[in-house]
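Topology and contacts: notes
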2 protein chains.
Amino acid sequence: MPIPFTKLVASLPAATPFVGPETLQRLSGRPFKARIGANESAFGLSPLARQAMHEALEQCAWYGDPENHDLRSALAERHAVGIDEICVDAGIDSLLGLLVRMLVSTGDPVVTSQGAYPTLNYHISGFGGEICRVPYCDDREDPVALFTMAARVSAPLVYLANPDNPMGTWHTGESLVQAFGHLPDGCVLALDEAYAEFAPPATLPPIDTRDRRVVRLRTFSKAYGMAGARIGYAIAHPDIVTGLNKIRNHFAVNRLAQAGALAALRDEGFLRQVQQQVEQGRQRLYRLAARCGLHALPSATNFVAVDLGSAQRASAMLARMADNDIFIRMPGVAPLNRCIRIGVGSAAEFAHLEPVFARELAALPALAR
Amino acid sequence: MPIPFTKLVASLPAATPFVGPETLQRLSGRPFKARIGANESAFGLSPLARQAMHEALEQCAWYGDPENHDLRSALAERHAVGIDEICVDAGIDSLLGLLVRMLVSTGDPVVTSQGAYPTLNYHISGFGGEICRVPYCDDREDPVALFTMAARVSAPLVYLANPDNPMGTWHTGESLVQAFGHLPDGCVLALDEAYAEFAPPATLPPIDTRDRRVVRLRTFSKAYGMAGARIGYAIAHPDIVTGLNKIRNHFAVNRLAQAGALAALRDEGFLRQVQQQVEQGRQRLYRLAARCGLHALPSATNFVAVDLGSAQRASAMLARMADNDIFIRMPGVAPLNRCIRIGVGSAAEFAHLEPVFARELAALPALAR
């Protein structure tokens, strides 16, 4: 007798959005010397966050506060919004799943860019929506095209990352606000700002929670170095937050992450230091590319997309990096997949990367561009 | 313009399954002196787990292994099953949500006991299923009645906790295996064994992952003292695990929890110590009830249901406990709600509880039984 899967789940592929670096290490039998493929921070936790999480170990037997009250209070103050305009959850991945579940009925289209975040697509398919893809324009997501498409297909949800992943490109807040004019009523924009802290000033539109169309998504996984702790949040109109509260797992956020995030928010000196290190790291990646005769895309994130000229060369270079114990990923679809995406590493990771990169690139067969 | 919620989400109530103790503390303005209402462990983390989690803080900037490989390996060995028969996720709450989503289409009935775990009901409603309730029988869930009902209504999913929450009662593994004869093909039993480690020998049926009908749910939240870390797992037929893998958030489990759970599994001495302390705590709660002339239900968990004779008296006693900074919960529906559910506390919590309990009970108005 078969397992009574829903029709939808029975129809889903078993494929997963990402293969983790641990899996690759198990396959190779060797640890990576540079783990710079998942846009993680090379600069770890704020000492204040580490201390808070260490102390929270004493209360690890207790569930976290299901209302995430203290953290939401601090975030509300930080962003000058109401506490009922913040929803804390176990990372943006989880929040994206909730948004899709909350807004997308079977067969509804969700608009995203062709080559944008695969986990969003995983959720869209997983809840029975239809992925509607808009091409990148000059390696940037195209807000007007995305919002116009959302209007055309009556999508309840459209996704835009600013700064963008996997290309690292960005739009100014001003140009986004202008583009919002094309965003139809009755459509929600999931504005993924995971890399907000790395972006130049004026990249982020002003926060306006009166606009029911725009949900801002933020995370402690990147600049705050807490990817392993699973904590992020949405800033949105209170009615959106109420909707999320109807379906989220109320005890999903772990107690250490709550304590760590609260402490991390208070450590502005550490954040500034990380921002500077990431800026220096981007420059170092630009220089590495330039020395090798490659174009690096200017980035507003903690990674840099480096143009290898063709998907074939990009894949080959990625394989060579893996052979040299360097974990890097690349975009999944054309034309983005002519690039590889290299994260800002630690000093040790850079020291390993730079000579290997130059050597392996030189040895790359002259594959068709 | 309204937010384009799905019809289902628009229809859901904003109510949540549980009010957290932190919320109650904020309302009263005072911290609890005894936090014994959420079945958390009073005995904290294994020192090995604490050490592993402390060390994992150094890798907190890295996402956890999305395959949970090392932990699944250890669990597979522990339970003598294949690694593809284990699904690790961020606690049983999350696994229950995945099971409902995986098996329940709009309007499908899910069978559970009247008064059983509210979070399951939250998920059933949240995914559009219909809750089909079977009464407890003599304060125990009624497996044969549950499975017979599942057959009658063609439920794709039936829920049973053994040992039970909120009553603490249990069935022998042998009687459950007999009851499985009534479990229809094409129906999955979510067998919630969150309190497995506290139960007498022979409470747990043998694990048989060849049976596609039975999913065993286990957690590190209770005996292992890791509720705040969010980690649990399912043991099931590989096809069930494949189904869960199609929809779970692959990076949902936090890296510290992975490290802590792996270390906790290895610390069998600590687990035995917790089991003994819980057994002693139950005896102490039985004695407290007896001294007060109350009946305490024999428990196979880390809490004891104490019979106050009526819902009115139980509610009144709960309120008095809260006034004395003691956090306790009680079952939500008749006839279970004549009881209050008191967790095994630490020595300090017991010292606070015992005199307060006796005094407040004596002062309770002679409410109608």
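Sequence positions are assigned chain by chain, starting from 1 and proceeding in written order. Think of it this way: whatever chain is written first is A, whatever ligand is written first is 1, and the rest follow in order. Note on the predicted model: pLDDT of at least 70 is required for a residue's local features to be given, and 80 or more for side-chain atom pairs to be given and counted; whole-chain, interface and lining totals, by contrast, use all residues. Hydrogen atoms and water are omitted, and side-chain values are computed over all heavy atoms in the structure.

1. Let's talk about the relation of the copies chain B and chain A
With an RMSD of 0.0 Å, chain B superimposes on chain A once it is rotated by 180° and translated 0.0 Å along the axis. Classification of the inter-copy transformation places it as that of a two-fold axis. For chain B, the smallest separation between a C-alpha atom and the rotation axis is recorded for His54(B), amounting to 3.2 Å. In what follows, a contact means two residues having at least one pair of non-hydrogen atoms within 4.5 Å. The residues that chain B uses at the interface reappear at the interface of chain A in 100% of cases, marking a shared surface. Copies are brought into register by a least-squares superposition over C-alpha atoms of residues with pLDDT of at least 70 in both.

2. Some thoughts on the interface of chain B and chain A
If you look at the interface, chain B gives 80 residues, while chain A gives 80 residues. Throughout, buried area stands for the accessible area (probe radius 1.4 Å) lost by two parts on being put together, summed over both. Note on chain B versus chain A: buried area summed over both sides is about 6,700 Å², and carbon and sulfur give 60% of it. The largest share of the area that chain B buries against chain A comes from Ile3(B), Tyr63(B) and Lys246(B), three residues that together contribute 11% of it. For this analysis, a salt bridge means a side-chain nitrogen from Lys or Arg found within 4 Å of a carboxyl oxygen belonging to Asp or Glu. Applying the counting rule to chain B against chain A returns 8 salt bridges. Residue Glu67(B) is joined to Arg26(A) by a salt bridge in which the shortest nitrogen-to-oxygen separation is 3.5 Å.

3. Considering the nonpolar core
Within the largest apolar cluster, 208 residues are counted, with the highest numbers of intra-cluster contacts made by Leu353(A) and Leu353(B). Apart from residues lying up to four places away in sequence, Leu353(B) is in contact with Ile36(B), Leu285(B), Leu288(B), Met321(B), Ile326(B), Ile328(B) and Ile342(B). Residues belong to a common nonpolar core when they are buried Ala, Val, Leu, Ile, Met, Phe, Trp, Tyr or Cys residues joined through side-chain atoms within 4.5 Å. Throughout, exposure labels follow a simple rule: accessible area from a 1.4 Å probe, protein chains only, divided by the maximum for the residue type, with under 20% read as buried, over 50% as exposed, and the rest as partly exposed.

4. Topic: the packing of helix α11 (residues 268–291) of chain B against helix α13 (residues 347–363) of chain B
Residues and elements named next belong to chain B. Axis geometry follows a simple rule: fit a line to the C-alpha atoms, using only the stretch in contact for helices, then measure angles between N-to-C directions, giving values from 0 to 180 degrees. Secondary structure elements are defined from DSSP: runs of H or I of at least 4 residues count as helices, runs of E of at least 2 residues count as strands, and each element is numbered from the N terminus. The interhelical angle for the contact between α11 and α13, taken along N-to-C directions, is 15°, at an axis separation of 10 Å. Here α11 lies roughly parallel to α13, going by the angle between them. Both α11 and α13 take part in a crossing whose hand is right-handed. Within the contact between the two elements, α11 uses Gly281, Arg284, Leu285, Leu288 and Arg291 and α13 uses Phe350, Ala351, Leu353, Glu354 and Phe357. For the contact of α11 with α13, the class distribution of residues is 6 nonpolar, 1 polar and 3 charged. Should an angle fall under 35 degrees it is taken as roughly parallel, and over 145 as roughly antiparallel, whereas 65 to 115 is taken as roughly perpendicular and any remaining angle as oblique. Throughout, a crossing is termed right-handed when the near helix is turned clockwise from the far one, and left-handed when it is turned anticlockwise from it by less than a right angle. Under the convention adopted here, Pro, Cys and the residues Ala, Val, Leu, Ile, Met, Phe, Trp and Tyr are nonpolar, Asp, Glu, Lys and Arg are charged, and Gly plus all remaining residues are polar.

5. Looking at the side chain of Asp192(B)
Residue and element names in this part refer to chain B. For aspartate 192, the location among the structural elements is in strand β6 (residues 188–192). Lacking a salt bridge, the buried aspartate 192 has arginine 218 as its closest oppositely charged neighbour, with an N-O distance of 8.1 Å. Counted as a polar contact is a pair of N or O atoms within 3.5 Å, where, for protein atoms, one must be capable of donating a hydrogen and the other of accepting one, and residues adjacent in sequence contribute only when both atoms are in side chains. Within the structure, aspartate 192 has its side chain in polar contact with the side chain of tyrosine 159 (distance 2.6 Å). Ignoring any residue separated from it by four or fewer positions in sequence, one finds aspartate 192 in contact with Ile92, Tyr159, Leu160, Ala161, Asn162, Pro163 and Leu217. The sign given to each residue is positive for Lys and Arg and negative for Asp and Glu; His and the chain ends receive no count.

6. Points about the pattern of salt bridges
In total, this model carries 40 salt bridges over all chains according to the counting rule given. One salt bridge in this structure joins Arg338(B) and Asp139(B), with 2.6 Å as the shortest N-O distance. Taken together, the residues span a long stretch of sequence, with Arg338(B) in the loop between β11 (326–327) and β12 (339–343) and Asp139(B) in the loop between β4 (130–134) and α7 (143–153) at a distance of 199 residues. Across the pair, exposure class does not vary: Arg338(B) and Asp139(B) are buried alike. Each of the salt bridges in this network shares a partner with another, and the network as a whole consists of Glu22(A), Arg35(A), Glu40(A) and Arg255(B).

7. A look at the pairing of strand β12 (residues 339–343) of chain A
All names here are of chain A. Across the 5 residues that make up β12, a large majority, 5, are buried. Of the two faces of β12, the one holding Cys339, Arg341 and Gly343 and the one holding Ile340 and Ile342 are both buried throughout. When DSSP locates at least two bridges between a pair of strands, those strands are taken to pair. Where strand β10 (residues 303–307) and β12 come together, 5 bridges link them in antiparallel fashion. The partner of aspartate 307 across the bridge, within β12, is cysteine 339.

8. Notes on the packing of helix α5 (residues 92–103) of chain A against helix α9 (residues 238–247) of chain A
Residue and element names in this part refer to chain A. Two elements in contact, α5 and α9, have axes whose closest approach is 10 Å; the angle formed by their N-to-C orientations is 100°. Of the possible angle classes, the one that applies to α5 and α9 is roughly perpendicular. Contact residues: Leu95, Leu98, Leu99, Arg101 and Met102 in α5; Ile240, Gly243, Leu244 and Ile247 in α9. Looking at side-chain class alone, the contact of α5 with α9 contains 7 nonpolar, 1 polar and 1 charged residues.

9. Examining the sheet that holds β12(B)
Residue and element names in this part refer to chain B. Taken in spatial order, the 3 strands line up as β9-β10-β12 in an open sheet, and their pairing is antiparallel. Both outer strands of the open sheet, β9 (295–296) and β12, are each paired with one neighbouring strand and no more. α11 contacts β9, β10 (303–307) and β12 of the sheet and is inclined by roughly 15° relative to β10.

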